[in-house]
Amino acid sequence: MRKPYDVLFDGVFSKIDPEKAHEQAFAAIRAGRFATAAWGRTLKPRPVSALGLEFPNVLGLAAGFDKNAVGIDALAGLGFGHIEIGTVTGEAQPGNPKPRLFRLLDDRAVVNRMGFNNDGAEVVGRRLAARAAARKGKSGPVVGVNIGKTKVVPDDDIAAVIKDHEKSVDHLAPYADYLVVNVSSPNTPGLRNLQAVEKLSPLLEAVRRRADEVVTDRRVPLVVKIAPDLADDDVLAVADMAKAIGLDGITATNTTISREGLRSPSARVAEIGAGGLSGRPLTERSLEVLRLLKGRVGDDLTLIGVGGITTVADAKARLDAGADLLQGYTAFIYEGPLWPRAIVRGVSRTR
Ligand SMILES: Cc1cc2nc3c(=O)[nH]c(=O)nc-3n(C[C@H](O)[C@H](O)[C@H](O)COP(=O)(O)O)c2cc1C
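Summary of the structure given here. The structure displayed is predicted, hence computed values, not measured ones.

**Some points on the sheet that holds strand S5 (residues 101-104)**
Sheet strands pair via backbone hydrogen bonds, and the direction of the pair is either parallel or antiparallel.
Okay, step 1: An order of S5-S6-S11 is seen for the three strands of this open sheet, with the pairing classed as antiparallel. Strand pairing shows two members of the sheet lacking a second neighbour, S5 and strand S11 (276-279), which therefore form its edges. On average, each strand axis in the sheet is tilted by 25° relative to the strand beside it, whichever way the strands run.
Okay, step 2: Across four bridges, the pairing between strand S6 (residues 109-112) and S11 is antiparallel. By the bridge assignment, Val111 is partnered in S11 with Leu277.

Here it is in structure tokens:
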């Protein structure tokens, strides 16, 4: 028998504009936050230690779903042990023109060129401050804050790029259980050039320094998120650099610009145009990048596995390959609100 969510997805969500569907689904999740919070408490905690923190369980919601930190606790109620908000940029920006989010149903995939639409560091920082004040230290999900470059800041002016990131750190680090620098989105022109170690290293060192200046009562763990499209040698170079400068972890991976091996008609793929591809077609390369990283850094860094994780078997394969934590986004769209619990339970049953 088909799951009720499959019927809803095929009959309703798949027929409306993907960005509108996202907004409506997210609004429904937020509206149901008291119910999901109660339901969330019925999920047994399966704590995981990583990044020097205790995570309620191994699975998090990847960046991009809650860009503006408006639904952290409602999302956690569905079973996610951590929520990575963002990407947040130094300045607020509208993102790319719509439409900018597309489904490839035959591939259980999504193409997005959102372009970091977000409220900016200052507004998101105030929102996180209000949440912290309202919760008064109550336990909850781990909150990761993913930051990235404002579009108008030129990627070849590293001083300006650093300044832009420092603004985000100033406003957001105090509320971040961990920080992620995202240099791997394909939708901000030039952003991925920052993955070259000669640019990445000074940027991450500056973010580290600034986080230590802004937050003095604890060390905010710092992670970098990389693209699956890096050549293997470049993945290894990032791994070496991350160890050399004392980074805490690496997230592998962001979306891909590759369109290889898709089942969807090529005319449809061409019509959609540029953007990052996520979901099923990404599974293999993300796993491969994770394996490369694990081989290079061993247990010295926390590795966050993300990209096409859909089934319990996918999640286990990622853990077997050395991931300390897992994240997902596209499977949550296709599989629905029960997906995080199913993964968390499925994984812990055999571990
Ligand atoms: C619509 C959409 C928006 C995204 N926005 C961001 C973002 O702002 N920052 C980021 O680091 N990753 C972003 N991602 C990438 C995801 O966090 C994740 O790395 C990627 O989708 C692979 O995981 P998945 O196959 O489980 O979706 C976005 C993904 C999607 C589908």
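Here the narrative resumes, following the displayed structure.
**Focus: the sheet that holds strand S7 (residues 142-148)**
Okay, step 1: Taken in spatial order, the eight strands close into a barrel running S3-S4-S7-S8-S9-S10-S12-S13, and their pairing is parallel. This sheet shows a mean twist of 25° between the axes of neighbouring strands, independent of strand direction.
Okay, step 2: Where strand S12 (residues 302-306) and strand S13 (residues 325-328) come together, three bridges link them in parallel fashion. Note that in S13 the partner of Val306 across the bridge is Gln327.
Okay, step 3: Docked against the sheet, helix H6 (residues 158-172) engages strand S4 (82-89), S7 and strand S8 (178-182), running at close to 160° with respect to S7.

**Considerations on the side chain of Arg131**
Okay, step 1: Within the secondary structure layout, Arg131 lies in helix H5 (residues 121-135).
Okay, step 2: A distance of 2.8 Å separates the side chain of Arg131 from the side chain of Asp73, its partner in a polar contact.
Okay, step 3: Filtering out sequence-adjacent residues up to four positions away, Arg131 remains in contact with Ile72, Asp73, Pro141 and Val143.

**Regarding the site of the ligand**
Okay, step 1: Around the ligand, 24 residues are found, and the nearest of them are Ala63, Thr87, Lys225, Gly308 and Thr330.
Okay, step 2: Side-chain polar atom of Lys225 to an oxygen atom of the ligand: 2.8 Å apart, as the coordinates give it.
Okay, step 3: Considered on its own, the ligand offers 600 Å² of accessible surface; in the complex 98% of this is hidden by protein.
Okay, step 4: Looking at the shell around the ligand, the elements with two or more residues in it are S4, S6 and S11.
Okay, step 5: Taken together, the residues of the shell around the ligand break down into seven nonpolar, 15 polar and two charged.

**Considering the packing of aromatic side chains**
Okay, step 1: In the structure shown here, the tally under the stated rule is eight aromatic pairs.
Okay, step 2: On the numbers, 6.1 Å between centres and 40° between planes, the contact of Tyr5 with Phe9 is tilted. In this pair, Tyr5 and Phe9 both sit in helix H1 (residues 4-11), four residues apart, roughly one turn of the helix. By the burial criterion, Tyr5 is buried, and Phe9 matches it.
Okay, step 3: Considering the side-chain rings of Phe80 and Trp339, the 6.4 Å spacing of their centres and the 55° angle between planes classify their relative orientation as tilted. On the criterion of sequence distance, the pair formed by Phe80 in the loop between helix H4 (72-77) and S4 and Trp339 in helix H13 (residues 339-349) is long-range, its members being 259 residues apart.

**Section: the packing of H5 against H6**
Okay, step 1: It is the contact of H5 with H6, at a shortest axis distance of 8 Å, that shows an interaxial angle of 15°. It follows from the interaxial angle that H5 and H6 lie roughly parallel. At the point where H5 passes H6, the crossing takes the right-handed sense. Here Ala121, Glu122, Val124, Gly125 and Leu128 of H5 lie close against H6, whose contacting residues are Lys167, Ser168, His171 and Leu172.

**Concerning the environment of Ala342**
Okay, step 1: Considering the arrangement of structural elements, one finds Ala342 in helix H13.
Okay, step 2: By relative accessible area, Ala342 is classed as partly exposed at 43%.
Okay, step 3: Considered as a pair, Ala342 and Thr311 are 31 residues apart in the sequence and their alpha carbons are 8.7 Å apart.

About the criteria used
- Residues numbered from 1 in each chain as written.
- Predicted model: local features only at pLDDT ≥ 70, side-chain atom pairs only at ≥ 80, totals over all residues.
- Heavy atoms only, no water.
- Pairing = 2+ DSSP bridges.
- Helix = DSSP H or I, 4+ residues; strand = E, 2+ residues; numbered from the N terminus.
- Axes fitted to C-alpha atoms, helices over the stretch in contact; angles between N-to-C directions.
- Contact = heavy atoms within 4.5 Å.
- Polar contact = N/O pair within 3.5 Å; in protein donor to acceptor, adjacent residues only side chain to side chain.
- Near = heavy atom within 4 Å.
- Areas by Shrake-Rupley, 256 points an atom, 1.4 Å probe, with all protein chains shown as cover.
- Nonpolar A, V, L, I, M, F, W, Y, C, P; charged D, E, K, R; others polar.
- Phe/Tyr/Trp six-rings, centres within 6.5 Å; stacked < 30°, edge-to-face > 60°.
- Buried < 20%, exposed > 50% of the residue type's maximum accessible area, 1.4 Å probe, protein only.
- Parallel < 35°, antiparallel > 145°, perpendicular 65-115°, else oblique.
- Left-handed = near helix turned anticlockwise from the far one by under 90°.

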